[in-house]
Amino acid sequence: MVFSSTLFLFYFLPGFLLLYFLAPHRLKNLVALVASIGFYAWGGLNFLALFLASVVVNFVLIRFMDKSEGWKKRIYLIMSIVINVAMLFYFKYANFFLENASAVREAAGGAALEWEQVVLPIGISFFTFEKLTYTIDVYRGVNKPLRSFWDFMLYIMLFPKMIAGPIVRFHEIAGQLTDRRAFDTIDHKLAGLFRFGVGLGKKVLIANVLGLEADRIFGLNPAEVSAPLAWLGAVAYTFQIYFDFSGYSDMAIGLGRIMGFQFPENFNNPYVSRSITEFWQRWHITLGRWMRDYLYIPLGGNRVTTGRLYANLWTVFILSGFWHGAAWNFIVWGAFHGLFLVLDRLFLLKLYKKIGVLSILPTFLITVVGWVMFRAPSLSFGLEYIRQMFAGGMDQLPYLSNEFWAIMALAALFSFMAALPRVERWEVSMLFGEKLALPRAVSLTLATAILLILSAGAIIGNSFNPFIYFRF
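Residues numbered from 1 in each chain as written. Predicted model: local features only at pLDDT ≥ 70, side-chain atom pairs only at ≥ 80, totals over all residues. Heavy atoms only, no water.

As recorded by an unreviewed UniProt entry, the protein chain carries the name MBOAT family protein and is attributed to Hymenobacter sediminicola. The UniProt entry for the protein chain carries the following comment under Sequence similarities (unreviewed entry): "Belongs to the membrane-bound acyltransferase family." According to its UniProt record, the protein chain has this under Subcellular location (unreviewed entry): "Cell membrane". (UniProt positions renumbered as here; feature names shortened; annotations may be inferred.)

Asks: Pulling in residues and values, what's your account of the packing of helix α12 (residues 306-324) against helix α13 (residues 328-355)?
Replies: Contact geometry for α12 and α13: axes closest at 7 Å, N-to-C directions at 150 degrees. Here α12 is positioned roughly antiparallel relative to α13, judged by the angle of their axes. When the axes of α12 and α13 are compared, the crossing they make is right-handed. Residue-level inspection shows Leu309, Tyr310, Leu313, Trp314, Phe317, Ile318, Gly321, Phe322 and His324 of α12 in contact with α13, the latter providing Phe330, Ile331, Trp333, Gly334, Ala335, His337, Gly338, Leu339, Leu341, Val342, Arg345 and Leu346. Residue classes in the contact of α12 with α13 are distributed as 15 nonpolar, 5 polar and 1 charged. (Axes fitted to C-alpha atoms, helices over the stretch in contact; angles between N-to-C directions. Helix = DSSP H or I, 4+ residues; strand = E, 2+ residues; numbered from the N terminus. Parallel < 35°, antiparallel > 145°, perpendicular 65-115°, else oblique. Left-handed = near helix turned anticlockwise from the far one by under 90°. Contact = heavy atoms within 4.5 Å. Nonpolar A, V, L, I, M, F, W, Y, C, P; charged D, E, K, R; others polar.)

Asks: How would you summarise a nonpolar patch on the surface if you had to cite specific residues and measurements?
Replies: A cluster of nonpolar side chains, Phe10, Tyr11 and Ile460, forms an exposed patch at the surface whose accessible area comes to about 370 Å². Assessed through its relative accessible area of 38%, Phe10 is described here as partly exposed. (Patch = residues over 30% accessible without salt bridge, like charges linked within 9 Å, V, L, I, M, F, W, Y side chains within 5 Å. Areas by Shrake-Rupley, 256 points an atom, 1.4 Å probe, with all protein chains shown as cover. Salt bridge = Lys/Arg side-chain N within 4 Å of Asp/Glu carboxyl O. Buried < 20%, exposed > 50% of the residue type's maximum accessible area, 1.4 Å probe, protein only.)

Asks: Residue-level account of the pattern of salt bridges, with values.
Replies: The final tally for this structure, using the stated rule, is 16 salt bridges. Put simply, Arg216 and Glu213 hold a salt bridge, and the shortest N to O gap is 2.6 Å. One end of the pair is Arg216 and the other is Glu213, both in helix α8 (residues 186-218) and 3 residues apart, which spans about a single turn. As a salt-bridge pair, Arg387 and Glu384 come within 3.1 Å of each other at their nearest N and O atoms. Of this pair, Arg387 and Glu384 both sit in helix α15 (residues 379-389), 3 residues apart, roughly one helical turn. Via salt bridges that share partners, Arg169, Glu172, Arg289, Arg292 and Asp293 belong to a single interconnected network.

Asks: Which residues make up the nonpolar core, and what values do they have?
Replies: Counting 142 residues, the largest nonpolar core has Phe8, Phe16 and Trp283 as its most contacted members. The leading source of residues in this core is helix α9 (residues 227-259), at 19 residues. Looking at which domains feed residues into this core, each of domain 1 (6-179) and domain 2 (187-274 + 356-470) supplies at least three. (Core = buried A, V, L, I, M, F, W, Y, C linked by side-chain atoms within 4.5 Å. Domains from an automatic or database assignment.)

Asks: Help me get a handle on the UniProt feature "transmembrane region" (unreviewed entry) in the protein chain, residues and values and all.
Replies: Under the present numbering, the feature "transmembrane region" (unreviewed entry) in UniProt falls on residues 7-27, 39-62, 74-91, 152-171, 307-324, 355-374, 404-420 and 441-464. For residues 7-27, the end-to-end C-alpha separation is 25 Å, with 76% helix and 0% strand making up the annotated structure. Between the C-alpha atoms that bound residues 74-91 there is a distance of 26 Å. The span itself is 100% helix and 0% strand.

Structure, rendered in structure tokens:
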């Protein structure tokens with residue numbers, strides 16, 4: 001069940017909010033937990049028992065870890081990490097390694113391996129990271145473990161963030177899991193509903209329109225795609241994935257705010273970045289912080305030799321690519337970004353500083369080329385598609401609807417207008433206000449109503465409604 005489905009919008013969400021607001025404070029967590037289990041079971045019933053068992057095991061291990069000292073404490077830490085990583089490895093990467101082992105065996109003259117394909121549980125990449133952050137935060141003494149098992153289960157399963165993030169580190173909402181009355185105000189609820197409307201509009205009014213054309217172009221044989229059409233497909237996908245994923249994050253943050261939770265931001269106008277280094281400070285922010293705090297810094301961070309630092313950066317981004325998908329094109333996508341992070345430190349940042357705001361353009365083009373590898377169904381497809389992009393030629397584009405061009409222009413406008421500092425400040429004031437004056441509350445209410453009506457109409461009138469990060 002995705003947030004932009006009719007089932008969620010017209011049945012699940014209204015029913016949940018009615019029960020949640022009617023429930024007394026002491027029962028709100030119970031309502032949220034039951035709803036979250038139902039939300040997950042709708043799309044992942046076959047894995048629900050396994051998922052719940054892993055939550056129980058983690059809770060018990062962390063309780064033992066918290067009461068232990070020295071090597072015993074470390075043993076419980078390692079056990080928790082191994083169990084979670086093993087689950088992720090098996091469900092997400094078993095097929096990848098077996099396919100490659102089979103290919104190597106065939107190349108050596110042997111018979112292909114046979115195995116039953118492992119099905120990927122929904123959201124496993126995200127909730128594995130959250131179980132790990134709980135374990136490590138408690139081990140480091142950042143927070144005490146939750147006393148209630150049900151609160152712990154709610155932290156892992158909370159439905160607004162469970163499928164596609166933001167990746168909420170335990171210490172960021174530890175207090176809100178037991179008491180969030182400070183954020184239980186009309187202003188927070190209205191701001192949350194507005195944020196949900198903005199995210200839904202980004203998803204169904206922009207991303208879906210561009211995604212339809214991007215899918216059509218990427219569905220062609222790349223050898224037969226002209227350079228202009230290849231660029232058009234790549235740019236359309238570049239905007240689609242941004243409005244798709246950031247829209248989903250907006251909806252998750254908005255839902256959390258309606259319930260009294262304060263989730264961390266996940267996007268900050270990434271396409272106005274002036275380097276790939278800055279891009280990763282604005283794109284999927286919660287993943288970047290997770291990788292920094294739980295992988296890059298333990299590897300040595302910036303306090304190592306220059307050569308080791310470059311190797312660490314590359315390692316982290318190759319693993320980041322592998323986290324996104326168990327395929328070679330995702331690994332290459334991660335390595336591609338890691339390469340430009342290293343080049344930034346070698347000389348690109350100095351060059352970008354000289355050209356100022358114009359550095360947005362080369363950074364955007366690098367990002368567009370990278371997204372081709374992310375979107376491609378295979379490494380060979382991605383390489384051929386990129387070759388076509390740079391093959392030259394000015395072939396005429398096929399006919400495309402006025403709606404597509406209008407939405408493409410709007411997507412570009414919304415993506416780049418934050419390059420003006422005044423616009424970025426306006427966005428912050430619109431999205432992060434905590435106390436709303438009456439005129440602003442009225443304007444937010446009207447804007448939310450318009451966005452929800454337009455989005456609902458688009459959802460009912462179109463069957464094309466994919467969510468890119470759903471498969472991760």
